[in-house]
Protein chains: 2
Amino acid sequence: MFQIDRFGRTPIYEQIIDQTQRLIASGILKEGDQLPSVRALSQELSVNPNTLQKAYSELERRGLCVSAPGNGRFVTADAFRLVGEGTKERLEELKKIAEELCAAGMPEDQVLHAVNVAYGKETDA
Amino acid sequence: MFQIDRFGRTPIYEQIIDQTQRLIASGILKEGDQLPSVRALSQELSVNPNTLQKAYSELERRGLCVSAPGNGRFVTADAFRLVGEGTKERLEELKKIAEELCAAGMPEDQVLHAVNVAYGKETDA
DNA sequence: GTAGTGTACTATCCGTTATAGTACACTTGA
DNA sequence: TCAAGTGTACTATAACGGATAGTACACTAC
């Protein structure tokens, strides 16, 4: 369910946050679904429970999940809408890179093509 | 000439590298132009000279500038072409974000629109 | 010769990340 | 009731990267 890259610069707890958000955004995790427990996931990924606790706390702070002590941790009803709002920021990042590429003299065609490939509308020629 | 963000997670030396590359890519820095000296820039930005030295060494390693000890540091003839190759990687980043947005269910129109805005083809509606 | 340039090196401080270990409260279900 | 599994809280520590401080030396231009 989760893939951890131990060599990149992105901290593990942040990778967990990102990936959970994507699972929600893509509908794989829905309202009411239970997230893996800190202990179980800690074994599966060979990661310290505290690290996962940190990630889950942040997800909870963002309103994507709630904890039921003694029971588990579950995706909230608002989760899907909330991560949807988050994608606006990602779009801004994309725009920023596009501006840079424009400034660097890259033709717009190539950028549009890349987007089409990402959306499966064109093949990567 | 340079803008440092001391609060973000991107290290200062990396910001210097990025910004120098952009200045070259956009043609503001041309072949033969002298880069600010480590000492001068260190005062202007209130940054340790060693940090700037680190950035400049990396730029040199990438072939974007050469040092003339006792004289200064200058943009190479290949610099423009080399940063042009670097933009391919940036395009890959953009594509990756586009894939995420696709997975998150954002309509492709919005992404294409963002690119058009970045290229000045459309206004930010 | 002086001023300004690049270069090299050591040492230190600090924040973030991740880990280890422990303890406690809660809920579920046999 | 009690055991197992859940979340939570806390302290302590190690490791790493980034940035700084300070010093010293070699080179070039004027």
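Residues numbered from 1 in each chain as written. Chains lettered and ligands numbered in written order. Predicted model: local features only at pLDDT ≥ 70, side-chain atom pairs only at ≥ 80, totals over all residues. Heavy atoms only, no water.

Asker: Mind showing me how you'd approach helix α5 (residues 108-118) of chain B here?
Answerer: In an α-helix, one full turn covers 3.6 residues, which means residues spaced three or four apart are oriented alike. Buried within α5(B) we find B:Glu108, B:Val111, B:Ala114, B:Val115, B:Asn116, B:Val117 and B:Ala118. Buried residues belonging to α5(B) abut α4 (79-103) and α5 (108-118) of chain A together with α4 (79-103) of chain B. (Buried < 20%, exposed > 50% of the residue type's maximum accessible area, 1.4 Å probe, protein only. Helix = DSSP H or I, 4+ residues; strand = E, 2+ residues; numbered from the N terminus. Contact = heavy atoms within 4.5 Å.)

Asker: What exactly am I supposed to notice about the environment of A:Ala103 here?
Answerer: Relative to the helices and strands, A:Ala103 resides in helix α4. For A:Ala103, the contacting residues outside a window of four places in its chain are B:Ala25 and B:Ser26.

Asker: When you look at the relation of the copies chain B and chain A in this model, what are you seeing that I'm missing?
Answerer: Each of the two chain copies can be generated from the other by rotation about an axis followed by a shift along it. The transform that puts chain B on chain A rotates by 178 degrees and translates by 0.1 Å along the axis, for an RMSD of 0.3 Å. Taken together, the rotation angle and the small translation identify this as a two-fold axis. Nearest to the rotation axis, the C-alpha of B:Leu94 is located 2.8 Å from it, this being the minimum over chain B. Interface residue correspondence from chain B to chain A reaches 100%, placing this contact among same-surface, isologous pairings. (Least-squares fit on C-alpha atoms with pLDDT ≥ 70 in both.)

Asker: Explanation requested: the protein's contact with DNA strand D in the structure shown.
Answerer: By nearness alone, 26 residues border DNA strand D, and A:Arg39, A:Ser67, A:Arg73, B:Ile12 and B:Asn50 come closest of all. Within 4 Å of the protein, the contacting atoms of DNA strand D are drawn from sugar and phosphate to the extent of 60%. Take A:Arg39: an N or O atom from its side chain is 2.9 Å from a base oxygen of DNA strand D. Between a base nitrogen of DNA strand D and a side-chain N or O atom of B:Asn50, the distance comes to 2.8 Å. Elements that contribute at least two residues to the surface near DNA strand D include exactly α2 (38-45), α3 (49-61) and β2 (72-75) of chain A together with α1 (12-25) and α3 (49-61) of chain B. Along the lines of polarity and charge, the residues of the surface near DNA strand D split into 7 nonpolar, 12 polar and 7 charged. (Near = heavy atom within 4 Å. Polar contact = N/O pair within 3.5 Å; in protein donor to acceptor, adjacent residues only side chain to side chain. Nonpolar A, V, L, I, M, F, W, Y, C, P; charged D, E, K, R; others polar.)

Asker: Would you take a moment to explain the interface of chain B and chain A for this structure?
Answerer: Note: interface size is frequently given as the accessible area lost on complex formation between the parts. In this complex, chain B contributes 34 residues to the contact, which on the side of chain A involves 34 residues. Overall, the association of chain B and chain A removes approximately 3,400 Å² of surface from exposure, summing both partners, and the carbon and sulfur fraction of that is 65%. Contact with chain A buries area across many residues of chain B, yet B:Leu94, B:Glu108 and B:Tyr119 alone supply 20% of it, more than any other trio. In this structure, the connection of chain B to chain A is made through 8 salt bridges. (Buried area = accessible area lost by both parts, 1.4 Å probe. Salt bridge = Lys/Arg side-chain N within 4 Å of Asp/Glu carboxyl O.)

Read these as layout, nothing more, since geometry by itself doesn't imply function.
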